[in-house]
Every structure is written in structure tokens, then in C-alpha cells.
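Next come the chains, spelled out residue by residue.
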Amino acid sequence: MTQSALIAIVDDDLAIREALDDLVKSLGYESCLFASAEAFLGFQPRASVDCMVVDVKMPGLSGLELQSRLNQERDRPPMIFMTSYHDERTRTAALEGGAIAFLGKPVDLTVLISFIEKAIEA
């Protein structure tokens, strides 16, 4: 039996975390939920994460700050950003930092699923 991919969901909104948890599990993947970037940074083993779905604006470290910290590490999982704030500067920073997607909330689930699958196949 092959091991299921692990998706990290980093969002300060509990309802979003729970909804994404349900989605990820319905796709046959495992998930781990984090209410903040700091909580994710404290998670070990981070190397077991195959893909991340991350909110941009959160209390404490933002999603972009989390991305910057993870970019300093050797291996980091593909990141998919979600946000209610659609400014081009933030989008450009996320994508130039290596994100595979920058999606607006409410997220089109079909698009999100396609990016999660793309990240896992990479």
C-alpha cells in the first residue's frame, strides 16, 4: 500500500481549515492543519509535507514571510496561496518566491484541486 500525500493547510480561519481538511481527505490525501505560520514552522517533520495551502494574511508571520523562511531551507514543499486580498504586488511576490498558484477567496475548488494534484505529481 502506498503512503498518501500529506497536505499542510495554514490558515488562521478555523472554518477555512476545516473545509480544506474535508476537501483534502475527500481526495484521498492526508492533511495537517495549522492556525499560523509559526505553528507550521514548529512542526516536525516538515519534510513529510508534499504540498502546502497557505493564507496570505494571518496574525504574526504572513504567508509571504513563511514562504521567505521556507525558501532558505533545502527542501520545501510546493505552495499554493489563497487570499481575500487581490493586489498584484502580493501576487507577484508569491509567484516570484516560487508559489505554484495564487488563488482568490472564495476559491474555485476545481482550480484548487488541479493545483494540489499538480504539486503532488511534481
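Check the entry above for the structure.
Treat the numbers as computed from the prediction; the structure is a model and nothing was measured.

Peer 1: Explain the side chain of glutamine 67 to me, please; I cannot follow it from the model alone.
Peer 2: Following the sequence through the fold, glutamine 67 ends up in helix H3 (residues 63–70). For glutamine 67, the side chain forms a polar contact with the main-chain oxygen of glycine 97, separated by 3.3 Å.

Peer 1: Please clarify how the pairing of strand S2 (residues 30–34) should be interpreted in this entry.
Peer 2: In terms of strand pairing, strand S1 (residues 6–10) meets S2 through 5 bridges, oriented parallel. In the strand pairing of S2, alanine 8 is matched with cysteine 32. This β-α-β element, S1 to helix H1 (residues 14–26) to S2, shows right-handed connectivity.

Peer 1: What exactly am I supposed to notice about the sheet that holds strand S3 (residues 51–55) here?
Peer 2: Sheet strands pair by backbone hydrogen bonding; their relative direction is either parallel or antiparallel. Spatially, S2-S1-S3-S4-S5 is the arrangement adopted by the 5 strands of the open sheet, whose pairing is parallel. Because the sheet does not close on itself, it has two edges, and the strands there are S2 and strand S5 (101–104). The mean inter-strand angle of the sheet, taken between neighbouring strand axes irrespective of direction, is 20 degrees. Sheet analysis places S1 next to S3, joined by 4 bridges and oriented parallel. Directly across from isoleucine 7, in S3, lies its bridge partner cysteine 51.

Peer 1: It is not clear to me how the pattern of salt bridges should be interpreted in this structure. Could you clarify?
Peer 2: Pairing between side chains of opposite charge can happen when the charged atoms of each approach one another. This structure, assessed with the given rule, holds 5 salt bridges. Ionic pairing is found between aspartate 11 and lysine 105, a salt bridge with its closest N-O pair at 3.0 Å. A residue pair is termed long-range when its members are at least 10 positions apart, and aspartate 11 in the loop between S1 and H1 and lysine 105 in the loop between S5 and helix H5 (109–121) qualify at 94 residues. For aspartate 11, a relative accessible area of 0% puts it in the buried group. With a closest N to O distance of 2.3 Å, glutamate 73 and arginine 46 form a salt bridge. One end of the pair, glutamate 73, is in the loop between H3 and strand S4 (79–83); the other, arginine 46, is in the loop between helix H2 (37–41) and S3, and 27 residues separate them in sequence. We classify glutamate 73 as partly exposed; its relative accessible area is 31%.

Calculation rules
Residues numbered from 1 in each chain as written. Predicted model: local features only at pLDDT ≥ 70, side-chain atom pairs only at ≥ 80, totals over all residues. Heavy atoms only, no water. Helix = DSSP H or I, 4+ residues; strand = E, 2+ residues; numbered from the N terminus. Polar contact = N/O pair within 3.5 Å; in protein donor to acceptor, adjacent residues only side chain to side chain. Pairing = 2+ DSSP bridges. Right-handed = clockwise from strand over helix to strand, strands pointing away. Axes fitted to C-alpha atoms, helices over the stretch in contact; angles between N-to-C directions. Salt bridge = Lys/Arg side-chain N within 4 Å of Asp/Glu carboxyl O. Buried < 20%, exposed > 50% of the residue type's maximum accessible area, 1.4 Å probe, protein only.

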